[in-house]
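Each chain is listed here by its residues.
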Amino acid sequence: MIALMFGPPGSGKGTQASRVAVRLGVPHVAAGDMLRDEVARDTALGREAKPIMDSGGLVPDDLVVRMIEGRLGQPDAISGVLLDGFPRTVPQAVTLDAMLGRRDTNVDDVVSLEVPDDELKARILKRATTEGRSDDTAEGLAQRLMVYRQDTAPVLDHYREAGTRIEAINGVGDIDAITERIIESLKHNGAAVGNS
Ligand code: AMP
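Attention here is on the structure that accompanies the text. (Residues numbered from 1 in each chain as written. Predicted model: local features only at pLDDT ≥ 70, side-chain atom pairs only at ≥ 80, totals over all residues. Heavy atoms only, no water.)

### Digging into the site of the ligand
Near the ligand there are 17 residues, and of these Arg36, Gly57, Gly85, Arg88 and Gln92 occur at the shortest range. Gly57 places a main-chain nitrogen or oxygen 2.6 Å from an oxygen atom of the ligand. When isolated, the ligand has an accessible area of 490 Å², and the protein chains bury 96% of it. Among the elements that make up the shell around the ligand, the one with the highest residue count is helix 2 (residues 31-40) (four residues). (Near = heavy atom within 4 Å. Polar contact = N/O pair within 3.5 Å; in protein donor to acceptor, adjacent residues only side chain to side chain. Areas by Shrake-Rupley, 256 points an atom, 1.4 Å probe, with all protein chains shown as cover. Helix = DSSP H or I, 4+ residues; strand = E, 2+ residues; numbered from the N terminus.)

See the structure below:
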């Protein structure tokens, strides 16, 4: 199964994607985590990405696409994957669709986590004190929300127009309960989901 975890910054997509991937038995491929790893290793990509990430902007499509393409070519990702934070622009989605089309596959499902803006802000500012992410500031969030609305929200329309199933999930509440909402919704779509 190839699924996307979609949602605004602070919606809990990273937390939920790592749990849901275990249940689906597929790798969790998180673009943001991969980019932070490049930054930590001080690679050429990391050096280019860091100032953009810190300002809340998007890393250029070609760099992110190359990074994800490499990851999707690894053996563990051949039979399925849960993508988190990618695609984040319509051109990234078009490239992903072409990449999957060459393998005779496609995106099966998009999970869209829905969380109101005031809750996003509260969560991001809380995360700033616990995780110390350099983009978790009030200004960083405002910029990332703007980018989300302008560049990323149209990705959902792209998949809706393609006829891909979209699971709209209420992302507010207990973390376990939200995971179960996602799993139930995916099961409804016929996904093979484990219990643990
Ligand atoms: P995230 O961990 O998903 O919140 O991503 C953190 C930051 O990494 C984003 O604010 C962007 O700067 C960058 N980033 C992550 N995924 C992408 C992507 N698909 N395209 C461009 N930039 C990305």
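### A word on the side chain of Arg71
By the element assignment, Arg71 lies in helix 4 (residues 61-72). Of note is the side chain of Arg71, whose polar atom sits 2.8 Å from the side chain of Asp76.

### As for the sheet that holds strand 2 (residues 28-30)
Strand order in the open sheet formed by five strands is 2-3-1-4-5, with parallel pairing between adjacent strands. The two strands at the open ends of the sheet, each matched to only one other strand, are strand 2 and strand 5 (165-170). Taken over all neighbouring pairs, the strand axes of this sheet differ in orientation by 20° on average, direction set aside. Across three bridges, the pairing between strand 2 and strand 3 (residues 81-84) is parallel. Looking at the pairing, His28 lines up with Leu82 of strand 3. Contacts from helix 2 reach strand 2 and strand 3 within the one sheet, and its direction differs from that of strand 2 by about 60°. Across the sheet, helix 7 (residues 138-161) is in contact with strand 1 (2-6), strand 4 (109-114) and strand 5; its angle to strand 1 comes to roughly 145°. (Pairing = 2+ DSSP bridges. Axes fitted to C-alpha atoms, helices over the stretch in contact; angles between N-to-C directions. Contact = heavy atoms within 4.5 Å.)

### A few points about the nonpolar core
Soluble, globular proteins show a tendency: their nonpolar side chains are buried together. Membership of the largest hydrophobic core comes to 30 residues, with the highest contact counts inside it found for Ile68, Leu72, Leu83, Phe86, Leu96, Val107 and Tyr159. The greatest single-element share of this core, amounting to six residues, is contributed by helix 4. With near-sequence residues (within four places) excluded, Ile68 lies in contact with Val29, Ala31, Met34, Leu83 and Phe86. In terms of nonpolar packing, the next biggest core, distinct from the first, is built from 17 residues, Ala17, Ile178, Ile183 and Ala191 among them. (Core = buried A, V, L, I, M, F, W, Y, C linked by side-chain atoms within 4.5 Å. Buried < 20%, exposed > 50% of the residue type's maximum accessible area, 1.4 Å probe, protein only.)

### Quick word on the packing of aromatic side chains
For the structure shown, the criterion picks out one aromatic pair. Seen from their ring centres, Phe6 and Tyr148 are 6.1 Å apart, and the 50° between their planes marks the pair as tilted. With Phe6 in strand 1 and Tyr148 in helix 7, the pair connects residues that are 142 residues apart, well separated along the chain. Across the pair, Tyr148 and Phe6 agree in class, each one buried. (Phe/Tyr/Trp six-rings, centres within 6.5 Å; stacked < 30°, edge-to-face > 60°.)

### Some details on the pairing of strand 4
Among the six residues that make up strand 4, five are buried, leaving the element largely enclosed by the rest of the structure. Where strand 1 lies against strand 4, four bridges are found, and the strand directions are parallel. Paired with Met5 across the strands is Val111, a residue of strand 4.

### A short note on the environment of Arg144
As for its placement among the helices and strands, Arg144 is situated in helix 7. By relative accessible area, Arg144 is classed as buried at 12%. In sequence terms Arg144 and His188 are 44 residues apart; their C-alpha atoms lie 32 Å from each other. When residues no more than four places from it in sequence are discounted, the contact partners of Arg144 are Pro9, Gly56, Ile124, Arg127, Arg133, Asp135 and Asp136. Within the local environment of Arg144, its side chain forms a polar contact with the backbone oxygen of Asp135, the two atoms lying 2.8 Å apart.

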